[in-house]
Amino acid sequence: EDSWGVSSFAAPVFSDAVIEGPYKYLEASHMGYADKGSFITRSILTIGSRFVIIADDIRTTGKTDAEILFHFDEDTNLENVNGAFTACCGKSMMSIIPMRDAEASISSAGIAKRYNEMRHSPLLTLRSTVEGRKEMLYYCHRHRQGWIQVHRMPGDQTADRHGRP
């Protein structure tokens, strides 16, 4: 185990990328939890410079408790405002809104920006039980300077008002 607490290498598995046009898309996985029977693929869709949708597709061989961790810079103020998690650092502000049945908590955790230099920073942890396969979705919104608005997204809405998915 090295000074960052890492005892094994999580081999990346690159899947897909679209980097031209009005949006950007990246999909990749890693083998970090294969020994525990879990495989995770993260997809990231950016729309312009303000909107990001993140989807973690988690597949397991049995029932497991999954945790998705979002680490922030140590100067970030992170708070829960009606189920949306707002992060402010200097003049920058963004919100992360979990869109599925995830239990969320804010804490402080050590993070290494440089080798052998641990700092405490805000940590947003999203937890959910997974059996077989589950997709955890997050909507991220970067706010314009001076414009503060929190959006509340509906939970597991699977169809529009006409019954279409």
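Residues numbered from 1 in each chain as written. Predicted model: local features only at pLDDT ≥ 70, side-chain atom pairs only at ≥ 80, totals over all residues. Heavy atoms only, no water.

Enquirer: Describe the pattern of salt bridges, with residues and values.
Expert: Within the structure shown, the criterion is met by four salt bridges. The salt bridge involving R42 is made with D56; its shortest N-O contact spans 2.7 Å. You can see R42 sitting in strand β3 (residues 38–47) and its partner D56 sitting in strand β4 (residues 51–71), a full 14 residues away along the chain. Look at R42 and you get partly exposed, because its relative accessible area is 30%. The partner of R59 in a salt bridge is D57, with the nearest N and O atoms 3.1 Å apart. Classification of R59 by relative accessible area gives partly exposed; the value is 38%. (Salt bridge = Lys/Arg side-chain N within 4 Å of Asp/Glu carboxyl O. Helix = DSSP H or I, 4+ residues; strand = E, 2+ residues; numbered from the N terminus. Buried < 20%, exposed > 50% of the residue type's maximum accessible area, 1.4 Å probe, protein only.)

Enquirer: I'd love a proper account of the packing of aromatic side chains, names of residues and values included.
Expert: This structure, assessed with the given rule, holds two aromatic pairs. Ring geometry for F51 versus Y139: centroids 6.4 Å apart, planes at 25°, classification stacked. On the criterion of sequence distance, the pair formed by F51 in strand β4 and Y139 in strand β9 (residues 117–142) is long-range, its members being 88 residues apart. For F51, a relative accessible area of 29% corresponds to the partly exposed category. The buried category is assigned to Y139, whose relative accessible area is 14%. Considering the side-chain rings of F70 and Y138, the 5.3 Å spacing of their centres and the 85° angle between planes classify their relative orientation as edge-to-face. Separated by 68 residues along the polypeptide, F70 in strand β4 and Y138 in strand β9 bring together distant segments of the chain. Judged on exposure class, the residue F70 and its partner Y138 are both buried. (Phe/Tyr/Trp six-rings, centres within 6.5 Å; stacked < 30°, edge-to-face > 60°.)

Any functional reading would require information that these geometric values do not contain.
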